[in-house]
Amino acid sequence: MSGISNRQLFLAHVAQTSSAPIGIEMVKAAGIHLWDAEGKKYVDLISGFSVCNIGHSHPKVVKAVQDQAAEYMHLIVYGEFIELPQTAYAKFLTDLLPPSLDCVYFTNSGAEATEGAMKLAKRVTGRTRILACHKAYHGSTQGALSVMGDEYWRNAFRPLLPDVYHYDYNEPDLPTAIDAQTACVIVETVQAESGIIRPSAEWLQTIRKKCDEQGALLILDEIQAGFGRTGSLWAFEQMQVVPDVLLLGKALGGGMPLGAFVAGHSRMQLLTKDPVLGHITTFGGHPVSCAAGKAALEVLLDGHYIETVKAKEQLLLDKLVHPAIVSRRSAGLWMSLQFASDKIAQAVVHQCVRNGLITDWFLFAPDRMRIAPPLIITEAELAEVCQVILRSIDEVTGKA
Ligand code: PLP
């Protein structure tokens, strides 16, 4: 294919939905670093959007993938054979969750987990009404899109699911709206794509209480917030609230594709009748993904990385101070920096990339830059990263 660059092939043959893809050809990733085709080294400041919490290609995860691939890969659709990687990971996860969350349905993706959870809520309650939040992101399939909190994206794909209502995150209207028609409330434990909003524990507890009173299910989405990102294994631990259904994805697969909705066993059993096969997936819970995910979670826990998150958050808060930063929000090793306009934020992001830091903005907050490095990053590395960010801001705002 002489004369045609890989960039041209990428733009011509790989379907694009981003109007401005980063478009760097990456050839290797290890730990907190990525390398491009010219040999330039980058620090990954977004962990593949909160996937690579233990960094890239950890040797124990690579070995788990290789070992499992050599034993078997796909055998049959979900839930027919006993596949030990899946069973072992489900047991490992449920041992780390409250006793009421003892049954895992593994999916291909976060969006599929959202779909499965909403279907389960309909089966459990016999109701259809779903309450969600403005600026929420739960996935891009049509059910998940129905609960996405932005009319610009929803409207282009209507008709979507009926009987879905949106409310402001962390505001009293949502708990007030929960009634005897409500099948479920779906909220992110920490709202991600609005630029990281941590709700008050009281707000989530009020939702929990109203759901209990009205017989509605509480679905908490920890697809981005889970696996230590906020300083505890599960973000809901910090809110003293236990969901009826927990959504997991991203870091769940340790770099391989995997999602899950987790609920109580007796509720989950409702998907086995009227209709039987209430949720079907071919590749959900793929044995290689489950082996990788379990190995990654072992590395995360054995390395005690979650215990380091709060100190690293404080380091970011101490060091990332600049007159061009209008505001900051953080939840563990997860921060958004707000600039005076989308244009400045995006210029800073591009400058960071030129200076060797992979970062991005947020879907519903284009004026905010994203910082979510692998949790394994050291404090010394993080301090260096902060210097590069501050230099990049200076270069953009003309103070260099
Ligand atoms: N929920 C949240 C909070 C997310 O951030 C995402 C993805 O960004 C999803 C759900 C959907 O996950 P996936 O892209 O795996 O479908």
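For the structure given in this document, a descriptive report is provided here. What you see is a predicted model, and the numbers here were worked out from it, not measured in a lab.

Thresholds, definitions, all that
- Residues numbered from 1 in each chain as written.
- Predicted model: local features only at pLDDT ≥ 70, side-chain atom pairs only at ≥ 80, totals over all residues.
- Heavy atoms only, no water.
- Buried < 20%, exposed > 50% of the residue type's maximum accessible area, 1.4 Å probe, protein only.
- Helix = DSSP H or I, 4+ residues; strand = E, 2+ residues; numbered from the N terminus.
- Pairing = 2+ DSSP bridges.
- Polar contact = N/O pair within 3.5 Å; in protein donor to acceptor, adjacent residues only side chain to side chain.
- Contact = heavy atoms within 4.5 Å.
- Near = heavy atom within 4 Å.
- Areas by Shrake-Rupley, 256 points an atom, 1.4 Å probe, with all protein chains shown as cover.

Some words on the pairing of strand E9 (residues 245–248)
Reasoning step 1: Residues Val245 and Leu247 line one face of E9 and the alternating positions Leu246 and Leu248 line the opposite face, and both faces are buried.
Reasoning step 2: In terms of strand pairing, strand E8 (residues 217–221) meets E9 through 3 bridges, oriented parallel. Each bridged residue has a counterpart across the sheet, and for Asp221 the counterpart in E9 is Leu247.
Reasoning step 3: As paired strands, E9 and strand E10 (residues 259–263) are joined by 3 bridges and run antiparallel to one another. Directly across from Leu248, in E10, lies its bridge partner Ala260.

Remarks on the side chain of Thr107
Reasoning step 1: Among the secondary structure elements, Thr107 is positioned in strand E4 (residues 103–107).
Reasoning step 2: A distance of 2.8 Å separates a polar side-chain atom of Thr107 from the backbone oxygen of Ser109.
Reasoning step 3: Side-chain polar atoms of Thr107 contact the backbone nitrogen of Ala260, separated by 3.4 Å.
Reasoning step 4: Every residue in contact with Thr107, bar those within four places of it in the chain, is listed here: Glu112, Ala113, Leu258, Gly259, Ala260, Phe261, Gly284 and Gly285.

A few points about the pairing of strand E15 (residues 365–371)
Reasoning step 1: In terms of burial, E15 is largely enclosed, as 6 of its 7 residues are buried.
Reasoning step 2: Pairing analysis gives 4 bridges linking strand E12 (residues 335–338) to E15, with the strands arranged antiparallel. Bridge pairing in E15 links Ser336 to Arg370.
Reasoning step 3: In terms of strand pairing, strand E14 (residues 361–362) meets E15 through 2 bridges, oriented antiparallel. In the strand pairing of E15, Trp361 is matched with Met369.

Here we look at the sheet that holds strand E13 (residues 357–358)
Neighbouring strands of a sheet are bound in pairs by backbone hydrogen bonds; such pairs are parallel or else antiparallel.
Reasoning step 1: Strand order in this open sheet of 4 strands is E1-E2-E3-E13, and the pairing throughout is mixed. The open sheet has two free edges, formed respectively by strand E1 (26–30) and E13, since each of these has just one partner strand.
Reasoning step 2: Sheet analysis places strand E2 (residues 33–36) next to strand E3 (residues 41–44), joined by 3 bridges and oriented antiparallel. The residue of E3 that forms the bridge with Leu34 is Tyr42.

A word on the site of the ligand
Reasoning step 1: Around the ligand sit Ser109, Gly110, Ala111, Tyr137, His138, Gly139, Glu188, Asp221, Ile223, Gln224 and Lys250, and those are all the residues in its vicinity.
Reasoning step 2: Tyr137 is positioned such that a nitrogen or oxygen atom in its backbone is 3.2 Å from a nitrogen atom of the ligand.
Reasoning step 3: One of the side-chain nitrogen or oxygen atoms of Asp221 is found 2.7 Å away from a nitrogen atom of the ligand.
Reasoning step 4: Coverage of the ligand by the protein amounts to 81% of the 390 Å² it exposes when considered alone.

Topic: unusual backbone geometry
Reasoning step 1: Of note, the bond from Arg158 into Pro159 is cis; its omega dihedral lies within 30 degrees of zero at 5 degrees.
Reasoning step 2: You can see Pro159 is positioned in the loop between helix H7 (151–155) and strand E6 (164–167).
Reasoning step 3: Of note, the amide linkage connecting Asp274 to Pro275 takes the cis form, showing an omega dihedral of 0 degrees.
Reasoning step 4: Mapped onto the fold, Pro275 is located in the loop between helix H10 (265–268) and helix H11 (287–302).
Reasoning step 5: Unlike most non-glycine residues, Asn170 shows phi in positive territory, near 65 degrees.

All we've got here are geometric facts, nothing functional implied.
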